[in-house]
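Residue-level structural notes
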There are 2 protein chains.
Amino acid sequence: MVERSVRNITDRFRQSGRKVTPQRVAVFEALCEGGGHPTVDQIYREVRQRFPMISLNTVYQTMEALVDLKVVSPVGHSLEAARYETDPAPHHHTVCIACKRITDVFDAALGRVKLPRAVKDRFQVVGHRVEFYGYCADCRSPGATNR
Amino acid sequence: MVERSVRNITDRFRQSGRKVTPQRVAVFEALCEGGGHPTVDQIYREVRQRFPMISLNTVYQTMEALVDLKVVSPVGHSLEAARYETDPAPHHHTVCIACKRITDVFDAALGRVKLPRAVKDRFQVVGHRVEFYGYCADCRSPGATNR
DNA sequence: ATACTAATTGATAATAATTCTTGTTTAGCT
DNA sequence: AGCTAAACAAGAATTATTATCAATTAGTAT
Ligand SMILES: [Mn+2]
Ligand SMILES: [Mn+2]
Ligand SMILES: [Zn+2]
Ligand SMILES: [Zn+2]
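If you're wondering where the values come from, they're calculated on a predicted model, not measured in any experiment. (Residues numbered from 1 in each chain as written. Chains lettered and ligands numbered in written order. Predicted model: local features only at pLDDT ≥ 70, side-chain atom pairs only at ≥ 80, totals over all residues. Heavy atoms only, no water.)

What about the domain arrangement of chain A?
Stated precisely, the cut-off is as follows: Start and end points for every domain follow an automatic or database-based domain assignment.
Domain annotation of chain A identifies domain 1 (2-75) and domain 2 (89-140). Using only C-alpha atoms to locate each centre, domain 1 of chain A and domain 2 of chain A end up separated by 30 Å.

Quick word on the coordination of the manganese ion (ligand 2)
Selection criterion: Only nitrogen, oxygen and sulfur atoms qualify as donors, provided they sit within 2.8 Å of the metal or within 3.2 Å for Na, K and Ca; with water excluded from the atoms, sites may seem incomplete. The helix count covers DSSP runs of H or I at least four residues long, the strand count covers runs of E at least two residues long, and both are numbered beginning at the N terminus. For every residue, the accessible area (1.4 Å probe, protein chains only) is compared with the maximum for its type, and the residue is labelled buried under 20%, exposed over 50%, or partly exposed between those bounds.
Protein-derived coordination of the manganese ion (ligand 2) comes from His37(A) (NE2), Glu85(B) (OE), His91(B) (NE2), His93(B) (NE2) and Asp104(B) (OD), at a distance range of 2.0 to 2.2 Å. Remark: Asp104(B) occurs in strand S4 (residues 102-105) and His91(B) occurs in the loop between strand S2 (83-85) and strand S3 (92-96); sequence separation between them is 13 residues. For His91(B), a relative accessible area of 11% gives the class buried. When its relative accessible area of 28% is taken as the criterion, Asp104(B) is described as partly exposed.

Digging into the relation of the copies chain B and chain A
Note the following rule: When the copies are superposed, the least-squares fit takes in the C-alpha atoms of residues with a pLDDT of at least 70 in both. Here, residues are in contact when the closest pair of their heavy atoms is within 4.5 Å.
Once turned by 180° and shifted 0.0 Å along the axis, chain B lies on chain A with an RMSD of 0.1 Å. The superposition operator between the copies reduces to a two-fold rotation axis. Looking at the interface residues of chain B, 100% of them are also at the interface in chain A, so both copies use one shared face.

Quick word on the sheet that holds S3(B)
Threshold: Strands were regarded as paired on the criterion that DSSP finds at least two bridges between them. Here an angle of 0 to 180 degrees is reported between the N-to-C directions of two axes, which are lines fitted to C-alpha atoms, with helices fitted over the stretch in contact.
Spatially, the six strands line up as an open sheet ordered S4(A)-S3(A)-S5(A)-S5(B)-S3(B)-S4(B), and their pairing is mixed. The open sheet terminates on both sides in strands that have one partner only, identified here as strand S4 (102-105) of chain A together with S4 of chain B. With strand direction ignored, the average angle separating the axes of adjacent strands in the sheet is 30°. Across four bridges, the pairing between strand S3 (residues 92-96) of chain A and strand S5 (residues 123-136) of chain A is parallel. Looking at S5(A), one finds that His93(A) is bridged to Glu131(A).

Some words on the protein's contact with DNA strand D
As a reminder of what qualifies: Here, proximity means that at least one heavy atom of the residue falls within 4 Å of the molecule or strand. Polar contact is the term for a pair of N or O atoms within 3.5 Å; when the atoms are in protein, one must be able to donate a hydrogen and the other to accept it, and sequence-neighboring residues count only if both atoms are side-chain atoms. Throughout, the ten residues Ala, Val, Leu, Ile, Met, Phe, Trp, Tyr, Cys and Pro are labelled nonpolar, Asp, Glu, Lys and Arg are labelled charged, and all others, Gly among them, are labelled polar.
Contacts to DNA strand D come from 19 residues, most closely from Thr21(A), Thr58(A), Arg14(B), Asn57(B) and Tyr60(B). Contact between DNA strand D and Arg14(B): a phosphate oxygen at 2.7 Å from a side-chain N or O atom of the residue. In the model, a base nitrogen of DNA strand D is placed 3.0 Å from a nitrogen or oxygen of the Lys19(B) side chain. Listing elements by their share of the surface near DNA strand D, those giving two or more residues are helix H2 (22-33) and helix H4 (56-68) of chain A together with helix H4 (56-68) of chain B. With three residues, the single largest contributor to the surface near DNA strand D is H4(B). Taken together, the residues of the surface near DNA strand D break down into eight nonpolar, six polar and five charged.

Observations concerning the pattern of salt bridges
Residues and elements named next belong to chain A. Rule in force here: Every case where a carboxyl oxygen of Asp or Glu lies within 4 Å of a side-chain nitrogen of Lys or Arg is listed as a salt bridge.
Following the criterion strictly, the structure yields ten salt bridges over all chains and no others. In this structure, Arg 101 and Asp 138 form a salt bridge, with 3.3 Å as the shortest nitrogen-oxygen distance. You can see Arg 101 sitting in the loop between S3 and S4 and its partner Asp 138 sitting in the segment after S5, a full 37 residues away along the chain. Owing to a relative accessible area of 45%, Arg 101 belongs among the partly exposed residues under this scheme. Residue classification places Asp 138 among the exposed residues on the basis of a relative accessible area of 60%.

The structure is reproduced here in structure tokens:
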């Protein structure tokens, strides 16, 4: 099964005009093995067991390629600076992928989102956040449709 | 009105056993003036117009105090390393405040969350994310109740 | 009003995650 | 086998954040 996946990945790398290297395959395999939501550093440590010479830079670049190929996607918006909420009223946000602008969304329905019972039993909820990500009016890409 | 707010803040600082300093008041005022979801750097630039000697460190510490007093709250989970999603199926997450563990939540209802029409008209939605934050079973604080 | 003391400040160094630079190697093609 | 653009490793640079520490100061007790 991992065999099949690796084959898929190498094809997708080549089809996108990228070279297939042992380092890239190793990063992908580490990705499959490592649990759910790895950090770059976790992947790096994993890969280094078999490729002690691999550089952190290569892992970063490979992850960038994998994001581009939509094999993985970033969770949360990490690399940015911390931002602070000044409005104490419960509300949610739209986050523009392009300009990072965060806009408030007040909508009672979003506040009623609930964790499924089964999960709630083992997770103590302090709050929740709904974030819509996409493009704001200023950054909307020229030919894009808005639906 | 800003007068009133400043008074409130100075009281809350003192009531929590913290000292009120001109720097702290200035950070709070910058917070009120600056738009919606400022970064530390934006606040720093703003405050420096009146207090050119203030250090970035002081702004960080003041923000930490304001978070503690629940005057502001961090948006997103920034300071951590980037994490990557390996499961392409649409789903959502619980994020443990303590150990940062991210766990998948599959629930069709969460996928049906919709932006209000009025907002949708000016924001091109690419996707949305529902994150429940709180404490996982391992990190649940001793006396806390789970509801 | 003055003095005391612990909290706070500013300057600076240290960390941590990420990106950039550069010289060397190599995958894929001819 | 040879060519070349892509990718590599090593390490410097950048950016956000936190830690250290001597000097200052807010709040309190004289
Ligand atoms: Mn907001
Ligand atoms: Mn997930
Ligand atoms: Zn935008
Ligand atoms: Zn936890």
